[in-house]
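The primary structure of each chain is shown beneath.
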Amino acid sequence: MTEATVVDYGAGNLKSVEIALGRLGCRAIRAATPGDIGRARRIILPGVGSFSAGMTALVSSGMDDALREAAERGTPILGICLGMQMLMERGAEGGCSKGLGLLAGGVVPLIPGRGLAMPHMGWNSVSITRRVGILDGVRDGACFYFAHSYVVEPSDPGVVCAVTEHGWIFPSVVSSGVVSGVQFHPEKSRFDGAALLGGFLAKGRER
Amino acid sequence: MLRKRIIPCLDVDRGRVVKGVRFGDLAEMGDPAVLAAFYDREGADEICFLDISATLEGRKAMTGVIEAVAAVVSLPLSAGGGVADLEDLRSLLLAGADKVCINSAAVRNPGILESASGIFGSQCVVLAVDAASRGGRYEVFIDGGRTPTGLDPVTWVERAVSLGAGEILLTSIDRDGTRAGYDLDLLRSVTLAAGVPVIASGGAGGKEHFREALVEGGASAALAAGLFHGGDMRIGDLKAWLASACVNVRLEEEVERHEGWS
């Protein structure tokens, strides 16, 4: 049976991710210690809440280093929403703080255009700019559920695989080697979300 | 572009959906999970559960409802009704709710918005505002519409957003259940001031009402209860019509394509 380790750093709801994995016939294992991360075959870093609070929790449990080591060993990692943002080197939410640094670049507020509400909340389409493993089953232009106010700003635009527009065009999927991130919530996005998670379980890497 | 959302709202009493949902084979079904799966297939963009239980025991059943629903649908879920403190909020989020609506508790203790958004993030903190027109001006009511607060909805929403509310669920008490259309004056005044997404609620009776709220009213989403539950309007038909009226909605074809998935 396929297994995926879901990182539990106390930031709330892991259940939706676990249920979504279960629907794909995948066993979800919760990780709360560096040892749990060390044993993982693939890792999902979910997340809601603020960047600084999330990083503080990862650092205090020692899971930040464990995640870096896992990436180095070639364990596929998928960051979801805040989990994607924490893959970056630094974030501006809740005061500038250090991220995992698995992808070069930072996390910045999504400044809305005139008349656009923030947070960016609801279903929005994702335009695929580069076909990678995790996007295998995903249609170009598919709608996913978003709920966020910050976006990633990778130093290397080459890691961007899909973009979404809300006032600005921002990266909604990034992938580099074994490290991937999605700004939306695949676990809340019906079939297309399931297709994306399925792509991660099957491929788990950029190529 | 961000799609405008259509949200069915289910009233839950002691763990069962009340107010009679009628849909062919689903006649008077009270099982929240069955109804949520139904609305998922219909093309709902999100489902809202409002606990109307009068007792503490009844309230406890709400987390079970959210758990059961989260197990069968892969859609954003919001929960509200009687949320009094951070513990209520936490237990609903842990049960699988993505957002929690806070109403009376926020008026009595606005600090709850700040603590809730600080811990869980603004994206899951919805301020529910029940407003009615009294003597030529709008006023916020709490305790299920029974208690006037003297608060002006726009002033209250601005304050709540500055404290961390990430979305507003705005219900017109005057229009609720009338099917006369959303209160566009109230809605516009709040959407202009809020900056965060506003869900219009109260008064939907026809497709045009949804278009007005989403386009002229500036709402990010429109919510209805009885209109959908009674079978008077199907969400799929409504969204197809809205698309033909140039409203950017998540289209039904996108849903149908995958039929058989669940």
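Just above sits the structure.
Structural notes, computed from the coordinates. (Residues numbered from 1 in each chain as written. Chains lettered and ligands numbered in written order. Predicted model: local features only at pLDDT ≥ 70, side-chain atom pairs only at ≥ 80, totals over all residues. Heavy atoms only, no water.)

**Considering the sheet that holds strand S12 (residues 160-166) of chain A**
Residue and element names in this part refer to chain A.
And step 1. The eight strands are arranged S2-S1-S3-S4-S14-S13-S12-S9 in an open sheet whose pairing can be described as mixed. Edge strands, defined here as strands with exactly one partner in the open sheet, are strand S2 (26-31) and strand S9 (127-128).
And step 2. As paired elements, strand S3 (residues 43-45) and strand S4 (residues 77-80) share three bridges and run parallel to each other. Across the sheet, isoleucine 44 pairs through a bridge with leucine 78, a residue of S4.
And step 3. Sheet strands in contact with helix H6 (residues 190-202) are strand S1 (2-7), S2, S3, S4 and strand S14 (179-182), and its direction is about 155 degrees off that of S4. (Pairing = 2+ DSSP bridges. Helix = DSSP H or I, 4+ residues; strand = E, 2+ residues; numbered from the N terminus. Contact = heavy atoms within 4.5 Å. Axes fitted to C-alpha atoms, helices over the stretch in contact; angles between N-to-C directions.)

**Some thoughts on the side chain of glutamine 183 of chain A**
Residues and elements named next belong to chain A.
And step 1. Turning to its location among the elements, glutamine 183 is positioned in the loop between S14 and H6.
And step 2. Residue glutamine 183 is classed as buried on the basis of its relative accessible area of 0%.
And step 3. At 3.1 Å, the side chain of glutamine 183 forms a polar contact with the side chain of glutamine 85. (Buried < 20%, exposed > 50% of the residue type's maximum accessible area, 1.4 Å probe, protein only. Polar contact = N/O pair within 3.5 Å; in protein donor to acceptor, adjacent residues only side chain to side chain.)

**Some details on the packing of aromatic side chains**
And step 1. Scanning the entire structure with this criterion turns up seven aromatic pairs over all chains.
And step 2. Taking 6.1 Å as the distance between ring centres and 90 degrees as the angle between the ring planes, the aromatic pair formed by phenylalanine 146 of chain A and phenylalanine 170 of chain A counts as edge-to-face. Linking phenylalanine 146 of chain A in strand S10 (residues 143-148) with phenylalanine 170 of chain A in strand S13 (residues 168-176), this pair joins segments that are 24 residues apart in sequence. For the residue pair phenylalanine 146 of chain A and phenylalanine 170 of chain A, the accessibility class agrees, reading buried in each case.
And step 3. When the ring of phenylalanine 38 of chain B is compared with that of tyrosine 39 of chain B, the centres are 5.4 Å apart and the planes differ by 70 degrees; the resulting orientation is edge-to-face. In this structure, phenylalanine 38 of chain B and tyrosine 39 of chain B share a single accessibility class: buried.
And step 4. An aromatic cluster is defined as three or more aromatic residues linked by ring pairs; in this entry it consists of Phe144, Phe146, Phe170 and Phe184 of chain A.
And step 5. The aromatic ring of tryptophan 123 of chain A is capped on one face by arginine 250 of chain B, whose charged end is 4.0 Å from the ring centroid. (Phe/Tyr/Trp six-rings, centres within 6.5 Å; stacked < 30°, edge-to-face > 60°. Lys NZ or Arg CZ within 6 Å of the ring centre and 35° of its normal.)

**Notes on the pattern of salt bridges**
And step 1. Scanning the entire structure with this criterion turns up 27 salt bridges over all chains.
And step 2. In this structure, lysine 188 of chain A and aspartate 98 of chain B form a salt bridge, with 2.9 Å as the shortest nitrogen-oxygen distance. Highlighted residues: lysine 188 of chain A in the loop between S14 and H6 and aspartate 98 of chain B in the loop between helix H3 (86-95) and strand S5 (99-102), drawn from two different chains. A single burial state applies to lysine 188 of chain A and to aspartate 98 of chain B, both of which are buried.
And step 3. Its salt-bridge partner being arginine 211 of chain B, residue glutamate 216 of chain B comes within 2.7 Å of it at the nearest N-O pair.
And step 4. Here the salt bridges share partners, and the residues they tie into one network are Arg5, Glu46, Lys99 and Glu167 of chain B. (Salt bridge = Lys/Arg side-chain N within 4 Å of Asp/Glu carboxyl O.)

**Here we look at helix H7 (residues 184-194) of chain B**
Residues and elements named next belong to chain B.
And step 1. When we look at burial in H7, the residues that qualify are Leu184, Leu186, Leu187, Val190, Thr191 and Ala194. The buried residues of H7 all sit within an arc of 155 degrees when viewed along its axis, so they share a single face. When the buried face of H7 is taken as reference, the exposed residues oriented beyond 90 degrees from it are Asp185 and Leu192.
And step 2. In this structure, the buried side of H7 is in contact with strand S6 (125-134), strand S7 (137-142), helix H6 (153-163), strand S9 (167-172), strand S10 (198-201) and helix H8 (207-216).
And step 3. Residue aspartate 183 occupies the N-cap position of H7, its side-chain oxygen lying 3.3 Å from the main-chain nitrogen of aspartate 185. (Arc of directions from axis to C-beta.)

**Side note on the nonpolar core**
And step 1. Membership of the largest hydrophobic core comes to 80 residues, with the highest contact counts inside it found for Phe49, Leu113, Ile168 and Phe210 of chain B.
And step 2. Setting aside residues no more than four positions away along its own chain, phenylalanine 210 of chain B makes contact with Ile6, Tyr182, Ala204, Ala222, Ala224, Leu227, Phe228, Met233, Leu238 and Leu242 of chain B.
And step 3. Core analysis: the next-biggest nonpolar cluster, separate from the first, contains 33 residues, Val6, Leu21, Ile80 and Leu197 of chain A among them. (Core = buried A, V, L, I, M, F, W, Y, C linked by side-chain atoms within 4.5 Å.)

**Some thoughts on the side chain of serine 53 of chain B**
All names here are of chain B.
And step 1. Here serine 53 is to be found in the loop between strand S3 (47-51) and helix H2 (56-72).
And step 2. A polar contact is formed between the side chain of serine 53 and the side chain of aspartate 13, at a distance of 3.4 Å.
And step 3. A distance of 2.8 Å separates a polar side-chain atom of serine 53 from the backbone nitrogen of arginine 14.
And step 4. Not counting chain neighbours up to four residues away, the residues in contact with serine 53 comprise Val12, Asp13, Arg14, Gly58 and Arg59.

In short, geometric facts, not functional conclusions.
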